[in-house]
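Residue-level listing of the chains:
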Amino acid sequence: MSDLAKMRELSSSVCIVGVDESDELGTLPGKSQLSLHVEAITNAVRDAGLKVSDVDGIFTAGQHSPATIGEAIGVVPRYVDGTTVGGCSFIIMVGHAVLALHHGLCDVAVVSHGESGRSGVGVSPRRDTALPGQFEFPYGFGGAPTYFGLITTRHMHEHGTTLEQWAQVAVSTRKWAALNPKARNRDPLTVRDVLDSRPVVWPFNILNICLVTDAGGAVVLTRADRAKDCAKRPVYVRGAGEGSEHVMLTQMRDLTFSEATRRSGEKAFAMAGVKGTDFDHIMLYDAFTSGPPLMLEALGLAKRGEGVHFFAEGRSTPGGKLPINTNGGGLSYTHSGMYGIFPIIEATRQLRHECGARQVPNTKLSLVNGMGGMLSAAGTLVLSNER
Amino acid sequence: MDLERPLPTPITPECRPYWEGARDGKLMIPKCRACGKPFMYPRVACPFCASRDVGWVQATGRGKLFSFEIAHQILNKAFKVKTPVVLAMVELEEGPRILTNLVGVAPDPKQIRCDMPVEVCFEKLTDQVSLPMFRPVGGGAR
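Only a predicted model underlies this, so the values are computations on that prediction, with no experimental measurement involved. (Residues numbered from 1 in each chain as written. Chains lettered and ligands numbered in written order. Predicted model: local features only at pLDDT ≥ 70, side-chain atom pairs only at ≥ 80, totals over all residues. Heavy atoms only, no water.)

1. Things to note about the overall build of chain B
Under the convention used in this document: Numbering of helices and strands runs from the N terminus; a helix is a DSSP stretch of H or I covering at least four residues, while a strand is a stretch of E covering at least two. Radius of gyration means the value over C-alpha atoms here, while the globule rule gives 2.2 Å times the residue count to the 0.38 power. Accessible area is worked out with a 1.4 Å probe on protein chains only. A residue is then buried under 20% of its type maximum, exposed over 50%, and partly exposed in between. The Shrake-Rupley method, run with a 1.4 Å probe sphere, supplies the accessible areas, and residue values consider only the shown protein chains as cover. Charge assignment: positive for Lys and Arg, negative for Asp and Glu; neither His nor the chain ends contribute. For this purpose, a charge sits on NZ of Lys, CZ of Arg, CG of Asp or CD of Glu.
When you go through chain B residue by residue, the secondary structure sums to 1 helix and 7 strands. Counting helices and strands in the order they occur from the N terminus, chain B gives α-β-β-β-β-β-β-β. What you see for chain B is a C-alpha radius of gyration of 16 Å, in line with the 14 Å of a compact globule of 142 residues. Considering only C-alpha atoms, chain B reaches an extent of 45 × 35 × 25 Å along its principal axes. The burial tally for chain B puts 49% of its 142 residues in the buried class. Summed over its atoms, the accessible surface of chain B is roughly 6900 Å², and 50% of this surface lies on carbon and sulfur atoms. Charge separation in chain B, taken as the distance between the mean sites of 20 positive and 15 negative side-chain charges, equals 2 Å.

Have a look at this one:
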């Protein structure tokens with residue numbers, strides 16, 4: 001059997017049956033990040049019409065191991081996965097969960113995220129800083145904007161992209177946030193507002209950069225045959241792909257093109273049997289305004305240098321031809337640090353047609369793509385409400 | 001002593017020749033003896049061919065400004081250089097890219113362009129540690 005045939009066999013074999021956030025999102029000094037996990041899991045399991053005791057596969061990334069999460073919810077799991085390659089880890093783990101479920105290694109998988117990114121409650125950072133400590137921190141690097149800014153400047157140099165075009169991404173995303181009651185920033189925003197906001201690291205002003213919040217999110221999956229018995233309309237995982245290229249930005253082979261993203265998309269699209277032009281809804285990891293355009297370019301949906309064109313009025317915006325980041329994104333809805341769980345939650349809700357004012361009419365096929373680190377790793381999902 | 005910047009920490013054994021070179025005013029980089037390619041950061045196997053036969057060469061110190069940004073705030077409290085500061089990625093003539101600061105130029109995006117030629121200079125932090133930085137070729141006193 002060819003590799004492609006093996007991948008195709010996995011397509012639509014597993015469904016997302018439950019999604020939810022923690023009870024609250026935002027500034028939550030009264031909650032540890034472990035509580036954010038537990039809230040999200042109990043909420044998502046309820047959304048699926050299942051019980052926490054049904055969960056037997058635990059997938060999580062970040063500071064807590066899947067063992068800690070299992071213990072916290074009182075489950076002795078049959079399967080654990082703690083792959084941590086940055087904020088896209090949760091997207092990648094949906095693919096890992098498909099494999100584990102398909103092969104009967106577990107029956108109900110939960111992918112869980114909790115992060116006290118703003119308040120730092122119950123946080124114990126443990127990072128390998130040997131290389132950045134020598135080659136980056138002495139120069140003032142540290143914090144994601146100081147790395148992604150370099151990618152962005154080089155893109156402007158190579159492709160002539162402008163500050164106004166990056167700002168348009170924030171404007172489009174804010175329009176969606178205005179329609180999402182859970183979004184943190186919902187006031188109208190203009191390109192001028194972005195350009196006039198506080199400079200942080202040129203080419204980024206503060207409104208080019210995601211929020212910093214406390215939040216949790218969880219996604220529950222089971223095999224398609226069992227999904228029929230769950231509470232909500234199942235969302236099929238038609239394709240999943242992952243990639244990982246570099247960690248240190250100096251090691252990125254092409255500073256304006258994410259090889260990890262390209263590979264993740266290629267695999268996910270092949271598994272699903274879809275093309276980039278087939279999607280009617282897109283969720284992209286927007287830690288910075290320049291991220292989503294570069295992801296569209298690496299995924300092959302846009303030519304190099306032209307990803308920004310997707311964010312023009314009437315395209316990505318409410319009522320537009322190809323809605324992008326309909327929850328309001330990391331830029332305006334929430335961004336706890338490892339944002340990747342939230343685009344999956346939103347895509348699932350859109351495909352269930354339960355999004356109220358921000359519902360994309362008749363959406364059938366959603367693309368979820370996220371990065372880890374600085375376009376270092378990537379995960380792509382093709383989700384559909386049809387098999 | 002009150003330093004303006006965090007010292008490179010921890011200096012790992014694999015990277016010691018780089019920092020000893022910088023202390024002596026030389027930009028030393030690893031070079032694979034098997035495939036002949038220089039690389040950064042220092043490691044025990046070549047990232048191009050995985051050979052364990054790795055030596056060191058002195059780089060010319062010339063290169064181009066591959067990308068840059070202008071930091072108006074620095075999160076690291078140990079970094080006390082007055083902002084704005086130009087954070088940069090330089091591509092050395094030999095090929096490897098490193099992160100650094102661009103000095104000897106106004107921190108103004110209109111005065112700086114990608115691919116402009118740059119050359120190394122060293123800022124002494126302590127008797128043991130100097131930091132490689134870059135300035136535009138033929139321009140600007142540090």
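Once the structure has been displayed, the description carries forward.
2. Let's talk about unusual backbone geometry
Of note, the bond from B:Met40 into B:Tyr41 is cis; its omega dihedral lies within 30 degrees of zero at -5 degrees. By the secondary structure assignment, B:Tyr41 is in the loop between strand E1 (28-32) and strand E2 (54-58). Backbone torsion omega between B:Thr83 and B:Pro84 reads 0 degrees, so that peptide bond is classified as cis. In this structure, B:Pro84 sits in the loop between strand E3 (62-71) and strand E4 (85-92). For A:Ser12, which is not glycine, the phi torsion reads 65 degrees and is therefore positive. Within the element layout of this structure, A:Ser12 appears in the loop between helix H1 (3-10) and strand E1 (14-21). What makes A:Ser12 buried here is its relative accessible area of 4%. A positive phi angle, near 60 degrees, is found at A:His353, a position not held by glycine. Within the secondary structure, A:His353 sits in the loop between helix H13 (341-351) and strand E10 (365-372). Residue A:His353 is classed as partly exposed on the basis of its relative accessible area of 35%.

3. Observations regarding the interface of chain A and chain B
Rules: Contacts: residue pairs with any heavy atoms within 4.5 Å of one another. When two parts are brought into contact, each loses some accessible area as probed by a 1.4 Å sphere; the total of that loss over both is the buried area. The term salt bridge refers to a pairing of a side-chain nitrogen on Lys or Arg with a carboxyl oxygen on Asp or Glu at a separation within 4 Å. Polar contact is defined as a pair of N or O atoms within 3.5 Å, subject to the rule that within protein one atom must be able to donate a hydrogen and the other to accept it, and that residues adjacent in sequence are counted only when both atoms are side-chain atoms.
Taken together, the contacts link 35 residues of chain A with 42 residues of chain B. Summing both partners gives a buried area of about 3100 Å² for chain A against chain B, and 62% of it is carried by carbon and sulfur. Where chain A packs against chain B, one counts 1 salt bridge. Counting across the chain A and chain B interface gives 21 residue pairs in polar contact (both at pLDDT 80 or more). Those elements giving two or more residues to the side of chain A that touches chain B turn out to be helix H5 (130-135), helix H6 (145-159) and strand E5 (199-202) of chain A. The dominant element in the side of chain A that touches chain B, judged by the number of residues it contributes, is H6(A), at 8 residues.

4. Description of H13(A)
Residue and element names in this part refer to chain A. Most of H13 sits out of view: 11 of its 11 residues are buried. Among all positions of H13, only Ile341, Phe342, Pro343, Ile344, Ile345, Glu346, Ala347, Thr348, Arg349, Gln350 and Leu351 are buried. One or two positions beyond H13, positive phi appears at His353, with a value near 60 degrees.

5. Quick look at empty space enclosed by the protein
Unfilled space is identified by rolling a water-sized probe across the atoms. The cut-off we apply is this: Cavities and pockets are found on a 1 Å grid laid over the protein atoms alone: a cavity is a set of points where a 1.4 Å probe fits but cannot escape, a pocket is an open set with protein on both sides within 12 Å along at least five of seven lines, and a lining residue has an atom within 4 Å of such a point. Grid points are joined across faces, edges and corners, and a volume is the space filled by probe spheres set on the points. Charged residues are taken to be Asp, Glu, Lys and Arg, nonpolar residues to be Ala, Val, Leu, Ile, Met, Phe, Trp, Tyr, Cys and Pro, and polar residues to be all remaining types, Gly included.
Per the counting criterion, the structure on display carries 1 cavity of 30 Å³ or more. Taken as a whole, the largest cavity encloses approximately 100 Å³ of empty space. Along the walls of the largest cavity sit 13 residues, with A:Phe135, A:Thr250, B:Met40, B:Ile98 and B:Leu99 positioned nearest its centre. Contributions of two or more residues to the lining of the largest cavity are made by H5 of chain A together with strand E5 (97-101) of chain B. The greatest single-element share of the lining of the largest cavity, amounting to 3 residues, is contributed by E5(B). Within the lining of the largest cavity, the residues separate by chemical class into 8 nonpolar, 3 polar and 2 charged.

6. Some remarks on the pattern of salt bridges
Any two side chains of opposite charge can pair, on the condition that their charged atoms come close. Applying the stated criterion across every chain, the model contains 34 salt bridges over all chains. Where A:Glu266 meets A:Arg262, a salt bridge forms, and the shortest distance between an N and an O atom there is 2.8 Å. Taken together, the positions of A:Glu266 and A:Arg262, both in helix H10 (residues 259-272) and 4 residues apart, correspond to about one turn of that helix. A:Arg262 sits in the partly exposed class, given a relative accessible area of 27%. A salt bridge links B:Arg23 to B:Asp24; the shortest N-O distance between them is 3.2 Å.

7. Focus on the packing of aromatic side chains
We count it as follows: Stacked, tilted and edge-to-face are the three classes applied to pairs of Phe, Tyr and Trp rings, where Trp contributes its six-membered ring and a pair requires centres within 6.5 Å; stacked means planes under 30 degrees apart, edge-to-face means over 60, and tilted covers the rest.
All chains considered together, the criterion is met by 12 aromatic pairs over all chains. Aromatic side chains A:Phe135 and B:Trp19 sit 5.7 Å apart centroid to centroid with 20 degrees between the ring planes, which places their arrangement in the stacked category. Of this pair, A:Phe135 sits in helix H5 while B:Trp19 is found in helix H1 (residues 16-23), placing the two residues in two different chains. For the pair shown, A:Phe135 and B:Trp19 are each scored as buried.

8. As for the sheet that holds strand E11 (residues 377-384) of chain A
Residues and elements named next belong to chain A. Put simply, the test is: In this analysis, strands are considered paired if DSSP registers two or more bridges between them. In this analysis, axes come from line fits to C-alpha atoms, helices being fitted only over the stretch in contact, and the angle between any two N-to-C directions falls in the range 0 to 180 degrees.
Across the sheet, which stays open at both edges, the 9 strands sit in the order E3-E2-E4-E7-E1-E8-E11-E10-E9 with mixed pairing between neighbours. The sheet is open, and its two borders are formed by strand E3 (79-81) and strand E9 (281-284), each paired with just one other strand. The mean inter-strand angle of the sheet, taken between neighbouring strand axes irrespective of direction, is 25 degrees. In terms of strand pairing, E9 meets E10 through 4 bridges, oriented parallel. Within E10, the position partnered with Ile282 by the bridge is Leu367. Strand contacts of H10: strand E8 (235-244), E10 and E11, with the helix running at about 150 degrees to E8, the strand carrying the most contacts.

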